[in-house]
Structure formats: C-alpha cells, structure tokens
Amino acid sequence: MNIQIITKTFEYSNKNSIIFPFLAFQKKLYESNIYFKILLDINQVNYSDIIIVDSKYHRNYWKSNENIIYEDFVKLKNYTNKLIYFDTTDSTGMIQSEIFNYVDSYWKFQILKDRSQYKKIFYGGRIFSNYYHKKFKVNDQNVLMSKSINDNDLSKIKLAWNFGLADYSYKNKYLFFLRKKLLLDKLFFFSKKNNNIKNNFMFAAFNYQYSRETISFQRKKIKDLMKDIYLEKIQELDYNFKLSRSKCVISPFGWGELAYRDFEGFYNKCILIKPNIDHLLTWPNFFVKDETYLDFAWDFSNLLDVVQSIKLNQKKYEDIALNGFNIYHNYTTGKNAGEYFLNHLNNLLDD
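Residues numbered from 1 in each chain as written. Predicted model: local features only at pLDDT ≥ 70, side-chain atom pairs only at ≥ 80, totals over all residues. Heavy atoms only, no water.

(A) Local environment of the sheet that holds strand β3 (residues 48-54). Taking strand neighbours across the sheet as the criterion, the 6 strands line up as β2-β1-β3-β4-β5-β7 in an open arrangement whose pairing is parallel. Because the sheet does not close on itself, it has two edges, and the strands there are β2 (35-39) and β7 (157-159). The average angle at which neighbouring strand axes cross in this sheet is 25 degrees, direction not considered. Sheet topology note: the β3/strand β4 (residues 80-87) ladder contains 6 bridges and is parallel. The residue of β4 that forms the bridge with Ile52 is Ile84. Where helix α4 (residues 66-77) meets the sheet, it contacts β1 (2-6), β3 and β4, and its direction lies at approximately 145 degrees from that of β4. (Pairing = 2+ DSSP bridges. Helix = DSSP H or I, 4+ residues; strand = E, 2+ residues; numbered from the N terminus. Axes fitted to C-alpha atoms, helices over the stretch in contact; angles between N-to-C directions. Contact = heavy atoms within 4.5 Å.)

Structure, rendered in structure tokens:
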C-alpha cells in the first residue's frame with residue numbers, strides 16, 4: 001500500500017503529529033508493506049492508493065480563495081483510490097463540512113463521543129465555548145457558530161490519532177529545526193524521561209489571553225482560583241525545568257480540549273489535572289479519569305477541592321502520575337508501540 005501525506009505541518013505548532021508516528025514507526029510500517037511519502041507541495045503528487053491531506057495545508061485559503069481548495073481536491077481525486085482529509089484543528093468541534101463532498105473520509109485528533117451532537121450548532125464552534133456562553137453569559141466580540149452536520153456526512157468522521165504521538169521532551173526545541181529540514185526517520189523518535197526529584201507541588205503556567213473570550217474564560221477563572229500558584233508565562237528552559245520537578249500540573253482547555261501540557265505532564269510523570277473530558281473520544285486514550293488524570297467540573301466548583309485532596313494525600317495520588325507515565329510510554333517508547341499504531345492505521349484505512 002502506498003500513501004502520500006500532503007502537509008505544511010512545520011509552519012504551525014502542532015508538533016508534527018500528523019507525520020511523526022509515520023517516521024518514528026517507519027520500520028514497522030515497511031515490514032507490513034505500508035509505504036509513505038511526505039509532500040510539502042501539492043503539485044508533487046503522484047498516483048497512490050491513499051492520499052491524506054493535512055487541513056493546515058489549505059488553512060490560509062478558507063478566507064482568501066476557497067475555490068482553490070475545492071479545485072485541489074478535485075484534482076487529487078484523480079490520483080488516488082481514497083482521499084482523506086485530516087482535520088488537525090485542536091477541538092472536537094469546528095468540523096469543516098464544506099469539504100465532505102470532495103473526500104472519502106474525514107479524520108480528526110479527537111471527536112465527540114456522542115456523534116449526534118454534531119447536528120447541533122455551538123456558540124464559539126466548540127461544545128465548551130457554548131457551555132461558557134450559556135452558563136456564564138460569556139460573549140465573543142466576533143461571534144462564530146459551528147455548522148450542523150447531516151447523517152450522511154457524520155459517517156465520514158473518523159477518529160485518527162491525537163498529537164500526543166510527538167516529541168514532548170526538552171530536546172524537541174532543538175531537534176525541530178533539523179526535522180524541518182530533513183525528513184529522516186532517525187530524527188523522529190520518542191524518548192523516555194528519567195526520574196527527577198519532585199520538590200515542587202503544583203505547576204500552573206499557561207497563556208490566558210485569546211482573541212475569543214469564550215476560549216479565554218476558563219483559563220482566566222483557573223488563574224484567579226490558583227493565584228497563589230500561577231506563574232506568568234516563563235522562558236521555555238525554565239518552563240521545562242519547573243514542570244519536570246513538579247508533582248502536579250494543571251492543564252486547561254485552549255483552542256481545543258487537549259493541550260501540549262497534557263502530554264508534557266505524562267512525559268514528566270506529573271499528576272495531570274484538567275477539566276472533565278468525558279464527552280470526547282481520542283486515540284491513544286491516555287486519559288482515564290481517576291486512573292491517569294484527575295478531572296474537575298467545567299464550572300470550577302470542585303477545582304480547589306481536587307487540589308486540596310492531593311495536598312493532603314499525596315502518596316495516594318502517586319499512582320495516577322505513574323499510570324499516566326506508563327500508558328503514555330506504552331504507545332510511544334514501548335516495545336509494542338509501533339504495532340499499536342500500525343493496527344490503528346490499518347483499521348482507519350479499512351473503514
């Protein structure tokens with residue numbers, strides 16, 4: 001089987017997660033006769049069994065010249081048996097339904113567990129922005145609404161893999177520039193964190209200024225509640241140092257429900273604390289409530305109780321940090337990690 005992946009992933013901060021597992025597990029894929037080619041220019045495409053198009057590739061055309069996108073997909077259809085659109089946006093929402101008529105399948109990092117929810121229209125384009133608009137009367141200056149998806153198109157939405165399958169070590173900052181220039185499998189690998197002395201209780205450092213108030217709201221509220229712990233944005237080296245030596249990390253939603261900090265927390269063996277995500281599905285499923293992470297309510301009603309409980313029973317919660325660390329490494333550095341990805345990819349392509 002031959003696959004072409006069309007992407008401009010290096011222009012955006014998504015940790016190269018659409019291509020990272022292909023290159024990291026290249027040997028396993030080749031052993032199973034799955035061969036791939038990564039293209040940064042759509043004009044280089046040749047015929048192949050599968051073509052996967054990263055949504056970031058046409059990101060700037062949706063406002064400037066939408067017709068170019070459709071023209072490209074009409075052309076691509078002539079070069080493949082199966083054309084796949086990989087929506088690499090951050091949230092479960094904001095389905096780009098305009099593309100459904102041009103593709104065979106629509107992949108996402110994470111999807112709503114109840115797919116019928118995609119028939120609804122969400123304020124701010126996300127289920128959680130809609131919640132903060134209704135519950136706390138939060139309004140955006142420029143209102144964005146999601147679009148209702150019909151039953152026929154719902155069947156095209158598939159769960160791909162999340163951006164946890166990337167490099168979350170401190171080395172990524174330095175390797176990124178090499179990876180950008182050289183798409184060599186030897187540069188795409190997962191590493192396992194050595195244990196650090198955890199002499200800091202809680203790490204809470206995140207941006208809270210977004211162009212949409214329904215996105216900023218949650219982070220601002222958490223910042224206010226955690227005012228004795230919260231750190232203003234810090235330099236990357238200091239960020240990695242403090243995080244690696246913290247017992248807990250709090251990770252709010254951003255543009256989407258999952259965040260880099262989730263995987264940085266797993267990688268550094270921290271107790272991950274984040275808003276409840278029972279409403280979504282993602283793969284690999286690193287997020288098992290009360291086993292690999294601790295959740296709190298979207299209305300923040302129990303956040304301080306969760307933090308206080310950890311403070312009073314730190315030994316009790318150490319297993320959660322260990323479980324998160326172990327399951328993350330099972331899918332990245334574990335001996336069967338490549339097999340897990342191969343099986344998931346095959347299931348997606350056969351669906």
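What follows picks up the thread again.
(B) Geometry of the sheet that holds strand β12 (residues 293-296). Strand order in the open sheet formed by 4 strands is β8-β9-β10-β12, with parallel pairing between adjacent strands. A single partner strand is all that each edge strand has here, and the edge strands are β8 (200-203) and β12. Within the sheet, the average angular offset between the axes of one strand and its neighbour, ignoring direction, is 20 degrees.

(C) Structural view of the nonpolar core. Phe22, Trp107 and Trp161 are the most contacted members of the largest nonpolar core, which totals 110 residues. The greatest single-element share of this core, amounting to 6 residues, is contributed by helix α13 (residues 337-350). Excluding anything up to four places from it in sequence, Trp107 contacts Ile52, Ile84, Tyr85, Phe86, Asp87, Lys158, Ala160, Trp161, Leu345, Leu348 and Leu349. (Core = buried A, V, L, I, M, F, W, Y, C linked by side-chain atoms within 4.5 Å. Buried < 20%, exposed > 50% of the residue type's maximum accessible area, 1.4 Å probe, protein only.)

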